[in-house]
Each structure stands twice: as structure tokens, then as C-alpha cells.
Amino acid sequence: MVSGSTAIVTGGGRGIGRAICCALAAEGADVVIADIDREEMAETAALVEEEGVRGYPVQTDLRSFEDIEATVEEVLEEFGSIDILVNNAGIAGPTAECEAVEPEEWDQTMAVNLRGPFLMCRQVLPSMKEQGYGRIVNISSVTGKRPLTQRTPYATAKMGLIGFTRTLAAEVGEDDINVNAVCPGSVDGPRIDRVFEAKAEAQGRTYEEVRGDAEAESPRRELVQKEDIAQTVSYLCSSSADRITGQDVNVSAGKVMY
Ligand SMILES: NC(=O)c1ccc[n+]([C@@H]2O[C@H](COP(=O)([O-])OP(=O)(O)OC[C@H]3O[C@@H](n4cnc5c(N)ncnc54)[C@H](O)[C@@H]3O)[C@@H](O)[C@H]2O)c1
């Protein structure tokens, strides 16, 4: 049940996270936006409030246990409960052959993409167990399932998040807490456009050719939209998905089928 619930969305300041905040708000949830970027959080909060629910930004650096602990405490004090947690924030990490990845870059990628979701769950679970209800969605990636060369830290974290999702789902199912992962394919928008442009320049090809290659990987010959991810998250948090847990749901226009 999304309506009337309180949701925390990490990395809700922009991109997919913002779309998730708006989708949950449209279904009637109050939304806490936990992000490092103050200005972007404020913009998302304003969009959330247009839906007639509360949009509540809390500056949180997911690399900091103290920040996470304080954020969860503040939300419980302010809203009384946390019903939905979406671990969306993630960083790309370095693009380099494995032997050129600096240990510090590895640690930073793990800190945001894997340790952050673990700590958020760790802090939120006691109150979810107490109320006997919770819906957790972890945003992984198709890169959690298939290789992406020169991105070992990111791929490792995203696959780790799927393992974390399955094991946590098995631990907390009896408390009516569902834990699922969503695995997006490349999401259309300015970010992927910059990647395509850089690749085109590096390969002496056109933007259209590089984009065409990416689209051709999908049976539907297209990329996905951030709203596709948001709607899937919203569905997994709804009562229609009460008996769906421990899953990793691809939203990739068919690019990945396992
Ligand atoms: N965009 C894609 O094509 C794509 C594909 C597959 C998976 N994903 C995953 O989806 C999620 C969202 O991706 P996006 O493209 O919207 O990213 P984005 O970079 O546009 O947004 C990420 C958000 O996370 C926040 N953030 C970063 N580090 C943080 C930290 N230490 N503490 C708190 N917040 C932090 C940023 O401020 C930002 O608001 C990520 O986990 C990403 O790995 C994205």
C-alpha cells in the first residue's frame, strides 16, 4: 500500500531517484529525499509537494554511518514510521582496466553503491519489524548481471546488491517485509547522451551510429525511460506485489532476459 505511507528515497535529488519520488508521491506517499545535493533535493521536494503530499529533504552522505543513523532517527521522529525504503543512490565509479583501479576508487564505489544500502536497511529494519510491514527496493543494474568491461567496481557492487537483496528477503519475509531489486538498462537522457557523444568522438563515428548500436541491443530497439523504472518501483511497493520478494526485475527493454 503506497497511499498514506512514508517512503525514503536515497539519491532522490535528480535522475531516476527524482522520478521514483514523483511516482510514489503520485500514489499518495510522503517522500523523504536523502541525498548529498541540497539544491537538487529542494527541487524534488517541490515536485513531490505538487502531488499534495509531504516532500522532506534530508541531507545525507551515504558514505557516512553517522549521517545515515541521524537521517533515519529524524524521519522516525518526524513521520512516526518508515514503510518504504528505496536504495537508489549510486555512483558510476572509475572507468579503467582492473589493474588501474585505485584502491580508494574501489572503496568509494562500494561505500555508496553497496555499504550505503546495507546501512540504510540496517537502520530502518528495526522499526519495520516492529510495525510488521516494509517494502525495500534496491536499484541495481543490468551491469549486476552481465559484464561491463572497465567497470569492475560498479559491476561488483551491483551484483553484490542482488545477493544482498535475496538474502535479506529470506531473512525478513515473515515480518511482511519485501525486498526486491530493480535492474535498469541504459536510461535515456542527457547522461547517456554524453556517454554516446564521448564514445562517438573516441571511435570516429557519429552520435547516431553509437546510439543505434545501443538501441539494437534491445529487442524493442530502444533505451528505457526513467519513468519506466519509477513505475516498476511503485508497483513493487504496492499491495499488487505483496507476494513478490527476493526478485531482481530487469527494466531494460529486453536487453537482459535473466
Ligand atoms: N542512468 C542509467 O542509465 C542507469 C542504469 C542502470 C542503473 N542505474 C542506477 O540507478 C541509480 C540512479 O542513477 P541515475 O542515473 O539517476 O544517477 P544520477 O547520478 O543522475 O543521480 C544519483 C543521485 O545520487 C546522489 N548521490 C551520489 N552520491 C551520494 C552519496 N554519497 N550520498 C547520497 N546521495 C548520493 C546524487 O547526488 C544524485 O542525486 C544508480 O544506483 C545507478 O547506478 C542507472
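Just so we're clear, the structure is a prediction, and the values are computed from it rather than from any experiment.

Trainee: Looking at this model, I keep getting lost on the nonpolar core. Mind explaining?
Mentor: One broad trend across soluble globular proteins is that nonpolar side chains are buried collectively. Counting 31 residues, the largest nonpolar core has Leu-24 and Val-86 as its most contacted members. Broken down by secondary-structure element, the contributors of at least two residues to this core are β1 (6-10), α1 (15-26), β2 (30-35), α2 (38-49), β4 (84-87), β5 (134-139) and α8 (226-236). Sort the elements by how many residues they give to this core and α1 lands first, with 6 residues. Core analysis: the second largest hydrophobic core is formed by 25 residues, Tyr-56, Leu-85, Met-128 and Ile-136 among them.

Trainee: Whenever I open this one, α8 confuses me. Can you help?
Mentor: Each turn of an α-helix holds 3.6 residues, which means side chains three or four residues apart point in the same direction. Among all positions in α8, only Ile-229, Ala-230, Thr-232, Val-233, Ser-234 and Leu-236 are buried. Where the residues of α8 are buried, they touch α1, β4, β5, β6 (177-184) and β7 (248-251).

Trainee: How should I be thinking about the environment of Arg-243 in this particular structure?
Mentor: The residue Arg-243 is located in the loop between α8 and β7 in this model. Overall, the relative accessible area of 77% leaves Arg-243 in the exposed class. For the pair Arg-243 and Trp-106, spaced 137 residues apart in the sequence, the C-alpha separation amounts to 36 Å.

Trainee: I keep staring at the pairing of β4 and nothing clicks. Help me out?
Mentor: Look at any regular strand and the pattern is simple: side chains alternate between the two faces of the sheet. Neither face of β4 is exposed, since Ile-84 and Val-86 on one face and Leu-85 and Asn-87 on the opposite face are all buried. Direction of pairing for β1 relative to β4: parallel, over a ladder of 3 bridges. Within β4, the position partnered with Ala-7 by the bridge is Ile-84. Pairing of β4 with β5, which is carried by 4 bridges, proceeds in the parallel orientation. Along β5, the bridge assignment pairs Leu-85 with Ile-136. Handedness of the crossover joining β4 and β5 through helix α4 (residues 103-131) is recorded here as right-handed.

Trainee: Whenever I open this one, the packing of α1 against α2 confuses me. Can you help?
Mentor: Axes are the key here: two packed helices are described by the angle between their axes and the distance separating the axes. Remark: α1 packs on α2, axes separated minimally by 9 Å, with the N-to-C direction vectors making an angle of 25 degrees. Overall, the two elements α1 and α2 adopt an arrangement that is roughly parallel. Considering the relative orientation of α1 and α2, their crossing is right-handed. Contacts from Arg-18, Cys-21, Cys-22 and Ala-25 in α1 reach Glu-40, Glu-43, Thr-44, Leu-47 and Val-48 in α2.

Trainee: Hey, could you run me through the packing of aromatic side chains in this one?
Mentor: Two numbers describe a pair of aromatic rings. These are the distance of the centres and the angle of the planes. Taken as a whole and judged by the stated rule, the model has 2 aromatic pairs. When the ring of Phe-196 is compared with that of Tyr-207, the centres are 6.2 Å apart and the planes differ by 65 degrees; the resulting orientation is edge-to-face. Placement of Phe-196 in helix α6 (residues 190-203) and of Tyr-207 in helix α7 (residues 207-216) is noted, with a sequence separation of 11 residues between them. Using a relative accessible area of 22% as the deciding quantity, one classes Tyr-207 as partly exposed. Here the basic side chain of Arg-151 rests over the ring of Tyr-154, its NZ or CZ set 4.6 Å away from the ring centre.

Trainee: Honestly, α7 in this entry has me stumped. Any pointers?
Mentor: Of the residues making up α7, those classed as buried are Val-210, Arg-211 and Ala-214. Considered in projection along α7, the buried side chains sweep an arc of 95 degrees and stay on one side of the axis. Check the buried side of α7 and you find it contacts α6.

Trainee: Is there a simple way to explain the sheet that holds β1 in this structure?
Mentor: Sheets are built from strands that pair by backbone hydrogen bonding, the pairs being arranged parallel or antiparallel. Judged by pairing direction, the sheet is parallel, and its 7 strands sit side by side in the order β3-β2-β1-β4-β5-β6-β7 without closing on themselves. Pairing within the sheet leaves two strands with one partner each, and these edge strands are β3 (55-59) and β7. Geometrically, the sheet is characterised by an average inter-axis angle of 20 degrees between neighbouring strands, direction not taken into account. Pairing geometry for β2 and β3, over 5 bridges, is parallel. Following the sheet pairing, Val-31 is matched in β3 by Gly-55. On the sheet, α8 packs against β4, β5, β6 and β7 and is oriented at approximately 165 degrees with respect to β6.

Parameters at a glance
- Residues numbered from 1 in each chain as written.
- Predicted model: local features only at pLDDT ≥ 70, side-chain atom pairs only at ≥ 80, totals over all residues.
- Heavy atoms only, no water.
- Core = buried A, V, L, I, M, F, W, Y, C linked by side-chain atoms within 4.5 Å.
- Buried < 20%, exposed > 50% of the residue type's maximum accessible area, 1.4 Å probe, protein only.
- Helix = DSSP H or I, 4+ residues; strand = E, 2+ residues; numbered from the N terminus.
- Contact = heavy atoms within 4.5 Å.
- Pairing = 2+ DSSP bridges.
- Right-handed = clockwise from strand over helix to strand, strands pointing away.
- Axes fitted to C-alpha atoms, helices over the stretch in contact; angles between N-to-C directions.
- Parallel < 35°, antiparallel > 145°, perpendicular 65-115°, else oblique.
- Left-handed = near helix turned anticlockwise from the far one by under 90°.
- Phe/Tyr/Trp six-rings, centres within 6.5 Å; stacked < 30°, edge-to-face > 60°.
- Lys NZ or Arg CZ within 6 Å of the ring centre and 35° of its normal.
- Arc of directions from axis to C-beta.

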